[in-house]
Each structure stands twice: as structure tokens, then as C-alpha cells.
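# Chains, contacts and geometry: an overview
Chain by chain, the residues run as shown.
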Amino acid sequence: MDTMTVEQNGINAVPEAERRGRPSDLFWPWAASNLSLFGVAFGVYVVGLGLGVIPAVITGVIGYALSFLLVGLVAVGGARSGVPTMTLGRAPFGYQGNKLPTVFSYISNVGWEIVLVTLAAQSGAAILGRLAPGVPGTTATAICFAVAAVVVIAVGVYGHAMIMVVQRYLTYAFIVLTVVYMILMAPRLGVSLETTAGPGGWVGGIIFAMTLLGLGWVNCGADYSRYLPSNSRPRSVALWTTLGGALPPMVLLVFGVLLAGGDPQLAGAAGGDPVGALAGALPTWFLLPYLLTAIGGFLAGAIMDIYSSGLSMLALGVPIRRHYAVLIDGLLMVLGGYYLLFVSSSFLATFQAFLAIVGVVMAAWAAIFLVDMWRLRAGGRAYDERLLRAGAPAVNWPGVVSLVVASAVGLGLITSADQNIAAVVGFLMSEELKKSTFGAANIGVVIALVLAGALYFLITTVTRPRRP
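Residues numbered from 1 in each chain as written. Predicted model: local features only at pLDDT ≥ 70, side-chain atom pairs only at ≥ 80, totals over all residues. Heavy atoms only, no water.

Basically, it comes down to this: UniProt positions are given in the numbering used here, feature names are shortened, and annotations may be inferred rather than shown by experiment.
Going by an unreviewed UniProt entry, the chain carries the name Thiamine permease and comes from Nonomuraea turkmeniaca. Recorded in UniProt for the chain, the comment headed Subcellular location (unreviewed entry) runs: "Membrane". If you open the UniProt record of the chain and go to Sequence similarities (unreviewed entry), you find "Belongs to the purine-cytosine permease (2.A.39) family."

Structure follows, in C-alpha cells:
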């Protein structure tokens with residue numbers, strides 16, 4: 001498929017004649033989307049659980065690997081079927097029943113588009129303030145926001161082939177610039193951190209790392225593997241997706257942990273404003289490359305989100321072409337970003353807290369999806385394209401019931417610093433537990449994941465017709 005041609009496939013199965021490439025190609029889009037400087041702040045967050053350097057690195061690496069392995073397993077379904085992620089969800093949930101998790105997927109994707117483009121604009125404005133002090137802050141923010149929005153929408157409209165190329169070259173650039181950045185910051189690194197958390201802190205660190213990374217991408221895993229040949233090795237598809245999504249942010253995580261050990265004051269500032277705080281410690285000559293690294297990292301993630309959100313809109317049954325769906329999502333992104341940047345001063349924190357709720361639902365969805373895919377594979381069956389397209393039954397109740405129950409339990413076991421969100425979550429936790437390591441780690445996300453998979457397996461085992 002030509003990179004300069006707008007992708008014509010929507011949520012249909014990609015014809016075998018159009019499917020090409022190798023599983024290793026999946027490394028690049030996932031690497032680019034997760035090379036954001038937020039990865040440094042994530043290392044600081046893990047240390048904040050009371051873990052020293054070695055425990056923080058170990059738990060972070062395990063959490064990243066486990067969570068992105070889920071994304072890799074979902075990607076296997078895309079290569080097998082040629083169908084995007086949320087359309088595949090019609091198999092375990094039914095044609096109509098699948099609209100429930102797809103709504104949450106759509107909100108999650110559009111929400112993160114807004115957050116990432118907003119962060120890109122804020123980051124660009126902060127650094128431009130040092131490069132060109134005479135430019136008003138509002139003007140700098142508006143310029144960066146406009147550029148970021150146009151880039152994200154344009155790449156999303158062109159679609160899969162353009163994304164695969166753009167993300168590859170972004171990854172090349174990010175790796176070089178990030179290495180230079182780390183060399184410049186190396187004198188500030190250290191290992192002077194003590195572990196104050198008990199054994200539960202290690203478990204909490206793993207859970208926390210899972211929620212920081214891969215669990216936010218499970219609803220997109222098959223969107224970028226669907227153009228691979230159907231005979232692609234499943235292990236390779238899962239491996240390269242996992243490596244691309246988990247390995248680069250692991251490096252940033254380790255850097256953030258070492259920064260907390262060597263310069264706690266800078267690390268604390270980076271936890272709240274990673275781009276601005278880390279820019280203040282850099283020489284002026286590197287600010288422009290740093291600006292490109294910071295903005296590019298956020299935009300790479302937003303590009304993946306806007307493409308997947310368009311596919312989610314189509315999976316809801318909206319009768320429009322894929323590129324028009326991306327344009328609608330882009331309009332929502334611009335409106336939301338404008339509100340966050342120029343109208344509200346506090347909505348961002350509330351909105352990000354709301355996205356944690358969406359994360360619980362999508363974790364439960366992923367478990368049900370993977371159990372269903374495993375059962376299809378174990379039974380030697382493939383996805384029924386007629387079911388995915390037209391739908392019979394309309395609702396697969398085992399999937400829907402498992403999703404609702406697991407999501408309710410998961411929401412009862414997460415916390416939020418936002419008072420409005422806190423009023424509707426954490427209802428299964430005592431005040432003491434909310435203040436503990438497990439409460440801070442939002443264990444409800446992982447509980448929803450495990451419970452949903454177990455429930456779906458049990459219900460479908462009991463209700464499955466017996467062979468005569």
C-alpha cells in the first residue's frame with residue numbers, strides 16, 4: 001500500500017493480496033509511541049512507592065513486560081483475521097454487546113489524543129519561552145498546538161502505511177536524541193535510594209508499572225498487525241509488539257529511577273512537569289533538539305490513538321469512511337485541547353483520573369478477548385467474518401456479564417486524587433487500604449483483568465453445549 005495514498009480499508013478484513021510485511025515491522029510504531037519523556041517521570045513515580053533503585057527497576061521492568069505482552073497477544077488476533085481490535089471484540093461480546101466496551105475504547109483513545117496533543121503544546125511553549133523570550137506564552141502555545149494537531153490528523157487520515165513509515169523514522173530520531181540527552185544528564189544520576197516499602201511494595205510496583213504502560217494500549221493491539229500476512233508466526237507478532245512497546249520505555253524508566261537517586265529535587269519536579277523540569281537542566285544549544293524529542297514523543301502516541309479511535313467509531317456502527325472518522329476525532333481533539341489549554345486550569349487532572357476508570361474496563365475487556373481467542377485457537381477455528389460483520393447473536397451474554405461484574409469490582413479497588421472521581425471509585429476499600437501501597441497502585445485494574453478472564457472462562461465452560 002502506497003504511503004501517500006489514503007487508506008481505503010475500514011473495519012473489514014484486509015484482503016490477503018494487500019497484506020505484507022514482517023512481524024519485526026511492529027517494533028517501530030510501538031517504540032515511537034512509547035518514547036515520550038513521560039517515561040522518565042514514570043521511573044520517578046515507581047520510586048515514590050518507597051522502592052530503592054534495584055527494586056524499582058526490577059518491578060518496573062516486570063510490569064512493563066507483562067502489560068505489553070497482553071498487547072502483543074491481542075496483536076496476534078489482528079494478524080490471524082485482518083480485522084482491527086474492537087471489531088474482533090464482536091466475537092466474545094456479540095455484534096450489539098460489543099458496543100459497550102467499544103464506547104469505552106473510543107473515549108479512551110480520543111481522551112489520550114487530547115491529553116497528548118495538549119502536553120505537546122504545553123511542552124513546546126515552555127521551551128520556546130527559553131529560546132524566544134519575547135514571544136507571548138499564549139501565542140507560543142497556540143502555534144505549537146496548531147502544528148501538533150495538524151500533524152496528528154494528517155498522518156491519521158493517510159492511515160496504516162503512513163503511520164508505519166512515520167513511526168519508524170521518529171523512532172530513529174528519538175533514539176539518537178534521547179542518547180545525547182542522557183549523556184548530558186548523566187552527572188545528575190545516582191543510586192542513593194533506600195527501600196522503605198515492605199514486600200507488598202514490590203507487588204505494588206509491578207501492578208503500578210502495568211497500569212502506567214501496556215494496559216492503556218490493549219484496545220489497539222490488532223490495529224497495526226492486521227496488514228501482516230495471515231501465516232505470520234503468532235510468537236513473532238507477540239514478541240515484536242512486546243519488545244517495541246516495552247523496551248524503549250524500560251530505558252527511560254531506569255533513567256528516571258537513577259535520576260531520583262542522584263537528584264531528588266529535580267526528580268520531584270520532573271514527576272509533576274517532566275518536560276519543563278528536565279529542560280531547565282539542559283544547555284541552551286540542546287534545547288531545540290530536546291523540543292523536537294519532547295513534542296515528537298507525545299505526537300507519536302497521539303497518532304496511534306487517532307487512528308485507533310477512528311476504527312473504534314466504525315466498530316460502533318457509524319456509517320462513514322475511515323478517514324472521515326479520523327477527521328471527526330481530530331475535531332474533537334482540537335476542541336478538547338483548546339478547552340484544556342485556554343479555558344480550564346484544572347480539568348486536565350480530572351480528565352486523566354476519568355481515563356483511569358476507562359483503563360479498568362479495557363483491562364477486563366482484554367482478558368475476555370484473550371480467553372475467547374485462545375479457545376478459538378484451541379478448537380482449531382478461525383474468526384467468523386459473517387459474525388464480525390453482521391452479528392448473530394446480537395449479544396453474547398457471558399462476555400457482557402463478565403465485563404460488567406469485573407469492571408464493577410475493579411472500580412471499587414482503585415483510588416483517585418480528584419475528589420469528584422474519588423466519590424465513585426474505591427467503594428470496596430477501607431480508608432486504611434486506600435492509603436496503602438496497593439491503594440496507590442490502583443490494584444483494581446489488575447483485579448478486573450484477572451476476574452474478567454476467569455469469569456468468562458467459567459461461564460462459557462458451564463454454558464457450552466455438550467457434544468453427544
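## Focus on the overall build of the chain
Applicable threshold: Where helices and strands are cited, they refer to DSSP runs of H or I of at least four residues and of E of at least two residues respectively, numbered from the N terminus. Our radius of gyration is a C-alpha quantity, and the globule rule it is checked against amounts to 2.2 Å times the number of residues to the power 0.38. Note on exposure labels: buried denotes an accessible area under 20% of the residue type's maximum, exposed denotes more than 50%, and partly exposed covers the range between, all computed with a 1.4 Å probe on protein chains only. By the convention used here, residues are in contact when the closest approach between their heavy atoms is within 4.5 Å.
Helix and strand content of the chain: 21 helices and 0 strands. Relative to the 2.2 N^0.38 estimate, which gives 23 Å for 468 residues, the radius of gyration of the chain is 22 Å and therefore close to what a compact globule would have. Counting across all 468 residues of the chain, residues that qualify as buried make up 57%. Taking contacts inside the chain between residues at least 6 apart in sequence as the whole, the part at least 24 apart equals 87%.

## Observations concerning the pattern of salt bridges
Rule in force here: By salt bridge we mean one thing: a side-chain nitrogen of Lys or Arg within 4 Å of a carboxyl oxygen of Asp or Glu.
Tallying each qualifying case throughout the model produces 5 salt bridges. Where R226 meets E7, a salt bridge forms, and the shortest distance between an N and an O atom there is 3.8 Å. In this pair, R226 is assigned in the loop between α9 (199-212) and α10 (234-262) and E7 in the segment before α1 (27-33), connecting sequence segments 219 residues apart. Here R226 falls in the buried class, since its relative accessible area comes to 0%. We note a salt bridge from E16 to R19, for which the minimum N-O separation is 3.8 Å. A relative accessible area of 9% places R19 in the buried class. Within this structure, E7, R226 and R322 form a network of salt bridges that share partners.

## Some words on helix α17 (residues 397-411)
For the record, the criterion: The length a helix should cover is 1.5 Å for every residue beyond the first.
For α17, built from 15 residues, the straight-helix expectation of 21 Å at 1.5 Å per residue is met to within 8% by its first-to-last C-alpha distance of 21 Å. Residues P398, G399, V400, S402, L403, A406, S407, G410 and L411 constitute the buried set of α17.

## Digging into the packing of helix α2 (residues 38-47) against α10
Rules: Structural elements are reduced to axes, namely lines fitted to C-alpha atoms, with helices fitted over the stretch in contact, and the angle between N-to-C directions of any two is expressed from 0 to 180 degrees. Each angle is binned into one of four classes, with values under 35 degrees roughly parallel, values over 145 roughly antiparallel, values of 65 to 115 roughly perpendicular, and all other values oblique. Should the near helix be turned anticlockwise from the far one by less than a right angle, the crossing is termed left-handed; should it be turned clockwise, right-handed.
Closest axis-to-axis distance for the α2/α10 pair is 7 Å, and the angle between their directions is 55°. Comparing their axes, α10 and α2 come out oblique. The crossing of α2 and α10 is right-handed. Within the contact between the two elements, α2 uses G39, V40, F42, G43, V44, V46 and V47 and α10 uses L252, L253, F255, G256, V257, L259 and A260.

## Examining the nonpolar core
Using the following cut-off: We define the nonpolar core as a collection of buried residues of types Ala, Val, Leu, Ile, Met, Phe, Trp, Tyr and Cys that are connected through side-chain atoms lying within 4.5 Å of one another.
By size, the foremost hydrophobic cluster in this structure holds 143 residues, and its most contacted members are W30, Y181, L278 and Y290. If sequence neighbours within four positions are ignored, Y290 has contacts with L37, I127, Y181, P274, V275, L278, A279 and L282.

## Details of the packing of helix α13 (residues 287-315) against helix α14 (residues 322-342)
When two helices pack together, their arrangement is given by the angle between their axes and by how far apart the axes lie. Heads up, the rule is: For this scheme, ten residues count as nonpolar: Ala, Val, Leu, Ile, Met, Phe, Trp, Tyr, Cys and Pro. Four count as charged, namely Asp, Glu, Lys and Arg, and the remainder, Gly too, count as polar.
Following both chains from N to C, one finds α13 and α14 inclined at 115°, their axes separated by 8 Å at the closest point. If you check the angle between α13 and α14, you find them roughly perpendicular. Once α13 is placed against α14, the crossing between them reads as right-handed. Residues I306, Y307, S309, G310, L311, M313 and L314 of α13 pack against R322, A325, V326, I328, D329 and G330 of α14. Its residues assigned to classes, the contact of α13 with α14 comprises 8 nonpolar, 3 polar and 2 charged.

## A closer look at the packing of aromatic side chains
This is how it is decided: Under the pairing criterion, centres of Phe, Tyr and Trp rings, with the six-membered ring standing for Trp, must be within 6.5 Å; the plane angle then separates stacked pairs below 30 degrees from edge-to-face pairs above 60, leaving the rest tilted.
Considering all chains together, one arrives at 14 aromatic pairs under this definition. Measuring from ring centre to ring centre gives 5.4 Å for Y181 and F255, while their planes differ by 50°; the resulting arrangement is tilted. Of this pair, Y181 sits in helix α8 (residues 160-185) while F255 sits in helix α10, and the two are 74 residues apart along the sequence. The two residues Y181 and F255 agree in class, both being buried.

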